[in-house]
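A structural walkthrough
Given next are the chains, with one letter for each unit.
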Amino acid sequence: MSLHLYDTARRALREFRPQHAGTASMYVCGATVQGVPHVGHVRSGLDFDVLRRWLAHSGYDVLFVRNVTDIDDKILTKAEAAGRPWWEWAATHERAFAAAYDVLGCLPPSAEPRATGHVTEMVELIARLIDRGHAYAVDGDVYFAVGTWPSYGELSGQRLDEMEQGEGSDPRGKRDPRDFTLWKAAKPGEPDWPTPWGRGRPGWHLECSAMATRYLGPRFDIHGGGLDLVFPHHENELAQSRAAGDGFAEYWLHNAWVTMSGAKMSKSLGNTLTIPAVLERVRPVELRYYLVAPHYRSTLEYSEEALAEGAAAYHRIETFVHRVHDRVGAVEVGRISDAFAAALDDDVATPAALAEVHETVRRGNAALDAGNRTEALTLAGAVRAMTGVLGLDPVVWAEAPGAGGPGDAARQALGSLVDALLEQRTRARADRDFARADALRDELTAAGVVVEDTADGPTWTLKDGA
């Protein structure tokens, strides 16, 4: 089976056929850097990181662009309320997003353009739209004339008479209330740039069209982002880009929300969980597992219980790989299974892919317990290969600086204490003081430590959830 992706515009699974053989081009809407990132923000980054990794594993040279929106109404409003310069506010939170992506193992994009660095391209795009009769200027504002583009609504499926652009009730010279803003006339105290239509700043939708085509060309493969961006943001991107004469994106992919109590996680609702706060509960790799385990198009209802279950599930995977390493030897990256490949080719079905990982872990543990060291080593290599595609390889994470999270020092201290007790137990058994040996094992069991006696000596793991 070849890779098939669910295209929002076609409302169907479609076989992935890139514009250029051997190359996959992808633009993902990144952060509007108005505040600190929460788990709802980073889910999109992680979902498209998995797709990017799968494309690379499948042999594509991946051109991956993720933008930074660093000029926006919300940024200006929040910076003013905090009494800080807008550019400093944006830069501070851009660094926070970069840190969140890094700590959760997202590969760096091929390019990460900022909106403020691409005003020239935006002005050129506006000029093309005006020349083609799809945009008009009024007192320094420039609008896209929705009525001139018959295909408007093709992405979201909305009807023209039902649309609200969310730009407020003041039309400010709009010919049609459904028209959307390409360029905003300068206001006192706001940043502005010179254009043929007067000084001002870009509209949000314009920014992404200009940046996507600047780095990926007038026609590229995949445009991704959160489900909340389908309308109006992506609908407007598609309309203005194609009205200007660009083919733009061939496939539109959207990840679902993270919700709490059934509501989308958002700052405006006050139901957010910041990345630093969640990483006080679990390690970065465990949070990554929790966020990529559901299908990217499925809503993820956040709960502490589900987060703990995700952490425990990942712990079972890494425990197996480390058991094989301790008892057999170094585990090299092996081959993914056909079932794993079929799962990811089926619209990046991570639940089925992880089910295959856990089944391989089960078989590997059984082989190890039966003394079949060769089989156990092969299966551990397969687990490394499959988790590597998902950005979850236990060996890579064990070697990553600071990847253990805030509890890493405590885990290292625990390991030292457990190893010391196991050494005492080994000496007690050698002295045939079995009562003492059993007492030490009981102490460890009561503390949540599972001891296993093997031909290569005792090994230990934590109970699930401990």
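Residues numbered from 1 in each chain as written. Predicted model: local features only at pLDDT ≥ 70, side-chain atom pairs only at ≥ 80, totals over all residues. Heavy atoms only, no water.

**Details of the overall build of the chain**
- Scanning the chain from N- to C-terminus turns up 15 helices and 15 strands.
- Across its three principal directions, the C-alpha atoms of the chain cover 95 × 50 × 35 Å.
- Counting only residues that meet the buried cut, the chain has 52% of its 466 residues in that class.
- The long-range share in the chain, meaning contacts at least 24 apart out of those at least 6 apart in sequence, stands at 74%.
- For the chain, the accessible surface area stands at approximately 20400 Å², while carbon and sulfur atoms represent 51% of it.
- Charge-centre separation for the chain: the mean point of 49 positive side chains lies 1 Å from the mean point of 66 negative side chains. (Helix = DSSP H or I, 4+ residues; strand = E, 2+ residues; numbered from the N terminus. Buried < 20%, exposed > 50% of the residue type's maximum accessible area, 1.4 Å probe, protein only. Contact = heavy atoms within 4.5 Å. Areas by Shrake-Rupley, 256 points an atom, 1.4 Å probe, with all protein chains shown as cover. Lys, Arg positive; Asp, Glu negative; His and termini not counted. Charge placed at Lys NZ, Arg CZ, Asp CG, Glu CD.)

**Topic: the side chain of Thr259**
- Relative to the helices and strands, Thr259 is located in strand β11 (residues 258-260).
- Looking at Thr259, its side chain comes within polar contact range of the side chain of Glu301, at 2.4 Å. (Polar contact = N/O pair within 3.5 Å; in protein donor to acceptor, adjacent residues only side chain to side chain.)

**Re the nonpolar core**
- The biggest cluster of nonpolar side chains holds 80 residues, and the ones touching the most others in it are Leu51, Leu55, Ile222, Leu287 and Phe340.
- Counting 43 residues, the second largest nonpolar core, distinct from the first, contains Leu76, Val119, Ile126 and Phe180. (Core = buried A, V, L, I, M, F, W, Y, C linked by side-chain atoms within 4.5 Å.)

**Structural notes on unusual backbone geometry**
- With an omega dihedral of 5°, the bond running from Phe231 to Pro232 counts as a cis peptide bond.
- With respect to the helices and strands, Pro232 occurs in helix α6 (residues 230-243).
- Backbone geometry places Arg11, a non-glycine residue, at a positive phi of 55°.
- Mapped onto the elements, Arg11 comes out in the loop between β1 (4-7) and β2 (12-15).
- A relative accessible area of 41% means that Arg11 is categorised as partly exposed.
- A positive phi angle, close to 60°, is found at Phe248, a residue other than glycine.
- Mapped onto the elements, Phe248 comes out in strand β10 (residues 248-255).

**Side note on the packing of aromatic side chains**
- For the structure shown, the criterion picks out 11 aromatic pairs.
- Geometrically, the ring pair formed by Trp54 and Phe340 is edge-to-face, given 6.4 Å between the ring centres and 80° between the ring planes. Pair noted here: Trp54 is in helix α1 (residues 39-57) and Phe340 is in helix α10 (residues 338-345), with a separation of 286 residues, a long-range link. Of the two residues, Trp54 and Phe340, both sit in the buried class.
- Put simply, the rings of Phe16, Tyr60 and Tyr251 touch in pairs and so form one group of aromatic residues. (Phe/Tyr/Trp six-rings, centres within 6.5 Å; stacked < 30°, edge-to-face > 60°.)

**Some details on the sheet that holds strand β8 (residues 200-202)**
- Strand order in the open sheet formed by four strands is β5-β6-β7-β8, and the pairing between neighbours is antiparallel. This sheet does not close on itself; its edge strands, each paired only once, are β5 (135-138) and β8. Sheet twist, expressed as the mean angle between neighbouring strand axes with direction ignored, is 20°.
- Alignment of β5 against strand β6 (residues 141-144), held across four bridges, turns out to be antiparallel. Each bridged residue has a counterpart across the sheet, and for Ala137 the counterpart in β6 is Val142. (Pairing = 2+ DSSP bridges. Axes fitted to C-alpha atoms, helices over the stretch in contact; angles between N-to-C directions.)

**Some words on the pattern of salt bridges**
- Per the stated rule, a full pass over the model turns up 25 salt bridges.
- Between Glu112 and Arg66 there is a salt bridge, with its nearest N and O atoms 3.2 Å apart. Residue Glu112 is found in the loop between α3 (86-103) and α4 (119-131), and its partner Arg66 is found in strand β4 (residues 61-66); the two are separated by 46 residues along the sequence.
- Its relative accessible area of 6% is what places Arg66 among the buried residues.
- Here the salt bridges share partners, and the residues they tie into one network are Asp7, Arg10, Arg14, Arg219 and Glu250. (Salt bridge = Lys/Arg side-chain N within 4 Å of Asp/Glu carboxyl O.)

**Remarks on the pairing of β1**
- Of the two faces of β1, the one lined by Leu5 and Asp7 is fully buried and the one lined by His4 and Tyr6 carries no buried residue.
- What sits between β1 and β2 in their antiparallel hairpin is a turn of four residues, with Arg11 showing a positive phi close to 55°.

**Focus: the sheet that holds strand β9 (residues 219-226)**
- The strand order across the open sheet built from four strands is β4-β3-β9-β10, with neighbouring strands paired in parallel fashion. Either end of the sheet is taken by a strand with one partner, and the two such strands are β4 and β10. Across the sheet, the mean angle from the axis of one strand to that of its neighbour is 25°, orientation sign disregarded.
- Two elements, strand β3 (residues 23-28) and β9, share three bridges in a ladder whose sense is parallel. Counterpart to Met26 in the pairing with β9 is Ile222.
- Its contacts with the sheet place α6 against β9 and β10, and it is angled at close to 175° to β10.

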